[in-house]
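Observations on chain architecture
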Amino acid sequence: MIKRKVVLRFPATVVELPFIYTLAREFDVVANILKANINPRKEGSMVVELSAEEEKYDAAINYLQSRGVVILPLEQQIIWVEDRCTQCGACTVICPTNALWMKRPEMIVSFCSEKCVVCEQCLKACPARAVEALYLAGE
Ligand code: SF4
Ligand code: SF4
């Protein structure tokens, strides 16, 4: 079973086709939409997590490409919005790499992006929505 996050870029000519429905019905691919920017008759994009058996996943990717959809690997980053942080410390307890950590003796929460492994634990733990996931399309 493959589970992969990708960015799909749709040309304006095909943006209104029911791709997600077709992936599920024709290829048994489950597409979990994380973010979408789709407008009628305009170029669109979507961040999705695709899950499927390997063979079906490959067939679905070939289908999308044959319709002109560009598939890009997803690069994900975690952003800490310091202004929104209430310094509750919840994220520092669950962060597995100490990317979010409590600076002592000041007892101030800090973030080191280089240590972050994008496990997303802090997204769920933060009551102030001070941590955000940023999705970037790789080339
Ligand atoms: S995404 Fe994971 S590793 Fe990165 S700061 Fe959040 S909890 Fe820590
Ligand atoms: S959980 Fe959110 S509000 Fe609490 S310290 Fe971490 S980033 Fe700040």
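Residues numbered from 1 in each chain as written. Chains lettered and ligands numbered in written order. Predicted model: local features only at pLDDT ≥ 70, side-chain atom pairs only at ≥ 80, totals over all residues. Heavy atoms only, no water.

Another point: the overall build of the chain. A tally of helices and strands in the chain yields four helices and seven strands. Starting at the N terminus and ending at the C terminus, the chain contains elements arranged as β-α-β-β-α-β-α-β-β-α-β. Relative to its length of 139 residues, the chain is extended, with a C-alpha radius of gyration of 19 Å against a globular reference of 14 Å. On the principal axes, the C-alpha backbone points of the chain span a range of 60 × 35 × 25 Å. Each of the 139 residues in the chain was classed as buried or not, and the buried ones make up 36%. Look at the contacts in the chain between residues 6 or more apart in sequence, and 66% of them connect residues 24 or more apart. Taken as two groups, the 16 positive and 17 negative side-chain charges of the chain have centres that lie 5 Å from each other. (Helix = DSSP H or I, 4+ residues; strand = E, 2+ residues; numbered from the N terminus. Rg over C-alpha atoms; globule rule 2.2 N^0.38 Å. Buried < 20%, exposed > 50% of the residue type's maximum accessible area, 1.4 Å probe, protein only. Contact = heavy atoms within 4.5 Å. Lys, Arg positive; Asp, Glu negative; His and termini not counted. Charge placed at Lys NZ, Arg CZ, Asp CG, Glu CD.)

With that out of the way, let us pick up the nonpolar core. Among the nonpolar cores identified, the biggest contains 22 residues, and Leu-8, Leu-23, Leu-50 and Leu-64 are the most heavily contacted of them. For this core, the element with the most residues is helix α2 (residues 54-66), which contributes five residues. If near-sequence neighbours (up to four positions away) are discounted, Leu-23 is found in contact with Asp-28, Val-29, Leu-50, Ala-60, Tyr-63 and Leu-64. Counting 13 residues, the second-largest nonpolar core is a separate cluster that includes Cys-85, Cys-91, Cys-95 and Val-109. (Core = buried A, V, L, I, M, F, W, Y, C linked by side-chain atoms within 4.5 Å.)

Glancing now at the site of ligand 2. Within the structure, ligand 2 sits among 14 residues, and Cys-85, Cys-88, Gly-89, Cys-91 and Cys-126 are positioned closest to it. Tallied by class, the residues present in the shell around ligand 2 amount to eleven nonpolar, three polar and no charged. (Near = heavy atom within 4 Å. Nonpolar A, V, L, I, M, F, W, Y, C, P; charged D, E, K, R; others polar.)

Below, the discussion takes up the domain arrangement of the chain. Domain boundaries assigned for the chain yield domain 1 (2-68) and domain 2 (78-133). A C-alpha centroid distance of 32 Å is found between domain 1 and domain 2. (Domains from an automatic or database assignment.)

In the vicinity of ligand 1 lie 14 residues, with Cys-95, Cys-116, Cys-119, Glu-120 and Cys-122 positioned nearest. For the shell around ligand 1, the residue count by class is eleven nonpolar, two polar and one charged.

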